[in-house]
Amino acid sequence: MTSKEIRRYEQKYKNYDFKDKKSDEKIILVLRRHWLTFIFKFFPVVTAMLLLIIGHFVLSEYIAEWFFDGEVTVVFFGESLIGMLLWIIFFVLWIDYYFDAWIVTTKRIVDINQMGLFRRNVSELDHIKIQDITTEVHGIFPTLLDYGFVYVQTAGSKSRFVFEEVPHPTVVRQLIAKLQKDAIRKEEKEIFLEDRVS
Amino acid sequence: MVLNFALVLYLFLLLLFIVGNMIIVYHLLTFRLNRILGVFMVGLFLTGSVILLGLNLFYFSEVDWRDLFETVGMVYN
């Protein structure tokens with residue numbers, strides 16, 4: 001991973017922002033779980049939506065005949081109520097997926113853990129505190145589609161950061177390792193300059 | 001009596017839907033990571049919500065609830 005490649009990532013995420021972002025830091029990478037996990041999560045809701053649409057065209061009149069004396073508008077009313085419920089559930093799941101992210105900046109890693117609408121944990125780790133980075137790709141789908149876990153061992157209070165089911169874990173590891181080396185080099189340079197001044 | 005209870009229940013569901021909408025929009029705008037996508041998702045969500053709510057209110061107004069409840073034997077007075 002070269003500095004040029006890191007600058008390319010910076011360009012890719014230049015429209016991104018998050019709360020508490022410092023003015024002098026740039027976003028290098030925004031990671032979420034792989035899209036396959038997103039599909040697994042959304043499958044029941046999307047299936048229910050499709051069944052509702054198919055049911056609307058195929059079953060509405062029969063249901064109206066059987067239960068509501070041929071009053072098909074009642075069935076449409078019920079369908080629209082179910083549609084409203086599914087719409088809300090879909091977006092709650094989307095928020096849970098989209099805002100559950102790991103952000104790698106030029107200074108730190110920010111781990112945003114969104115659980116539903118009312119629970120959100122945010123923790124951060126400076127690159128300088130990283131001790132070890134490990135990747136794990138385990139299973140048929142993860143191997144074929146190249147997604148897996150990245151474990152970042154730290155010296156801080158939170159002993160380990162886990163990037164769960166993220167795409168291209170090896171590239172992520174190389175990128176974080178490069179940022180960590182840069183951070184160490186920068187700190188050593190600052191210490192050297194301070195020593196020279198004193 | 002049953003009709004009134006059903007109406008209150010329906011109003012409660014509508015209120016719940018509107019509050020749910022407000023909470024989701026708050027999340028989409030407050031915690032957004034990408035400004036363009038954030039605005040797009042809020043637009044998409046609100047458009048869908050307004051269409052669904054409009055359809056629901058339209059169907060609600062089209063149904064003769066008293067007649068329906070009498071037909072299925074739930075209104076006794």
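Cut-offs used in this document
Residues numbered from 1 in each chain as written. Chains lettered and ligands numbered in written order. Predicted model: local features only at pLDDT ≥ 70, side-chain atom pairs only at ≥ 80, totals over all residues. Helix = DSSP H or I, 4+ residues; strand = E, 2+ residues; numbered from the N terminus. Rg over C-alpha atoms; globule rule 2.2 N^0.38 Å. Buried ≥ 20, exposed ≤ 12 C-beta atoms within 10 Å, placed from the backbone. Contact = placed C-beta atoms within 7 Å. Core = buried A, V, L, I, M, F, W, Y, C linked by C-beta atoms within 7 Å. Domains from an automatic or database assignment. Axes fitted to C-alpha atoms, helices over the stretch in contact; angles between N-to-C directions. Parallel < 35°, antiparallel > 145°, perpendicular 65-115°, else oblique. Nonpolar A, V, L, I, M, F, W, Y, C, P; charged D, E, K, R; others polar. Pairing = 2+ DSSP bridges. pLDDT = per-residue confidence, 0-100.

Some remarks on the overall build of chain A
Reasoning step 1: When its secondary structure is counted, chain A shows six helices and seven strands.
Reasoning step 2: Ordering the α and β elements of chain A from the N terminus gives α-β-α-α-α-β-β-β-β-α-β-β-α.
Reasoning step 3: Against the 2.2 N^0.38 benchmark of 16 Å for 198 residues, chain A shows a C-alpha radius of gyration of 24 Å, more extended than a compact globule.
Reasoning step 4: With the C-alpha coordinates of chain A rotated into their principal frame, the extents come out at 95 × 35 × 30 Å.
Reasoning step 5: Within chain A, buried positions represent 22% of all 198 residues.
Reasoning step 6: Taking the intrachain contacts of chain A between residues at least 6 apart in sequence as the baseline, contacts between residues at least 24 apart amount to 49%.

Things to note about the nonpolar core
Residues and elements named next belong to chain A.
Reasoning step 1: Grouped together as the largest cluster of nonpolar side chains are 33 residues, with contacts concentrated most on Trp 102, Val 104 and Val 172.
Reasoning step 2: Among the elements that take part in this core, helix H4 (residues 72-98) stands out by supplying five residues, more than any other.
Reasoning step 3: Of the domains in this structure, domain 1 (3-33 + 102-197) and domain 2 (39-96) are the two that each give at least three residues to this core.
Reasoning step 4: When near neighbours in sequence (up to four residues on either side) are disregarded, Val 172 contacts Leu 29, Leu 31, Val 150, Phe 163 and Val 166.

Overview of the packing of helix H1 (residues 2-30) of chain B against helix H2 (residues 35-62) of chain B
All names here are of chain B.
Reasoning step 1: Packing of H1 against H2 leaves a shortest axis separation of 9 Å and a crossing angle of 170°. Comparing the axis directions of H1 and H2 gives the class roughly antiparallel. Residues Phe 17, Asn 21, Ile 24, Val 25, Leu 28 and Leu 29 of H1 form the contact with H2, whose participating residues are Gly 38, Met 41, Val 42, Phe 45, Leu 46, Ser 49 and Leu 53.
Reasoning step 2: Split into classes, the residues belonging to the contact of H1 with H2 amount to ten nonpolar, three polar and no charged.

What about the sheet that holds strand E4 (residues 119-126) of chain A?
All names here are of chain A.
Reasoning step 1: Taken together, four strands build an open sheet; the order of strands is E1-E2-E3-E4 and the sheet is antiparallel. At either margin of the open sheet sits one strand with a lone partner, and together these are strand E1 (27-31) and E4. Here the average twist between neighbouring strands, direction ignored, is 15°.
Reasoning step 2: Pairing of strand E3 (residues 108-115) with E4, which is carried by eight bridges, proceeds in the antiparallel orientation. Bridging across to E4, Gln 114 finds its partner in Arg 120.

Looking at the domain arrangement of chain A
Reasoning step 1: Entries for chain A in the domain assignment read domain 1 (3-33 + 102-197) and domain 2 (39-96).
Reasoning step 2: For domain 1 of chain A versus domain 2 of chain A, the separation of C-alpha centres amounts to 41 Å.

Observations regarding the interface of chain B and chain A
Reasoning step 1: Listed as interface residues are 24 residues of chain B and, on the opposing side, 23 residues of chain A.
Reasoning step 2: If you list the elements that add at least two residues to the side of chain B that touches chain A, you get H1, H2 and helix H3 (65-71) of chain B.
Reasoning step 3: A class-by-class count of the residues in the side of chain B that touches chain A yields 15 nonpolar, seven polar and two charged.

Looking at the environment of B:Ile36
Reasoning step 1: Positionally, B:Ile36 belongs in helix H2.
Reasoning step 2: With 10 C-beta atoms packed within 10 Å, B:Ile36 lands in the exposed category.

Observations concerning the environment of A:Lys21
Residue and element names in this part refer to chain A.
Reasoning step 1: Structurally, Lys 21 can be placed in the loop between helix H1 (3-12) and E1.
Reasoning step 2: You can call Lys 21 partly exposed: it has 15 C-beta atoms within 10 Å.
Reasoning step 3: Note: C-alpha distance between Lys 21 and Thr 105 (84 residues apart in sequence) is 9.1 Å.

Some words on the confidence of the model for chain A
Reasoning step 1: Looking at chain A, pLDDT values average 87 and 97% of them are 70 or higher.
Reasoning step 2: For chain A, the element scoring lowest by mean pLDDT is H1(A), at 78; strand E2 (residues 101-105) of chain A scores highest, at 92.

Examining the sheet that holds strand E5 (residues 130-136) of chain A
Residue and element names in this part refer to chain A.
Reasoning step 1: Taken in spatial order, the three strands of this open sheet run E5-E6-E7, and their pairing is antiparallel. At either end of the open sheet lies a strand with only one pairing partner, and these are E5 and strand E7 (160-167). This sheet shows a mean twist of 15° between the axes of neighbouring strands, independent of strand direction.
Reasoning step 2: In terms of strand pairing, E5 meets strand E6 (residues 147-154) through six bridges, oriented antiparallel.

A look at unusual backbone geometry
Residue and element names in this part refer to chain A.
Reasoning step 1: Even without being glycine, Asp 146 reaches a positive phi, approximately 55°.
Reasoning step 2: Relative to the assigned elements, Asp 146 resides in the loop between helix H5 (140-145) and E6.
Reasoning step 3: Taking the C-beta count within 10 Å as the criterion, Asp 146 has 13 such neighbours and is therefore assigned partly exposed.
Reasoning step 4: Phi is positive for His 168, which is not a glycine, with a value near 50°.
Reasoning step 5: Examined against the element boundaries, His 168 turns out to sit in the loop between E7 and helix H6 (169-197).

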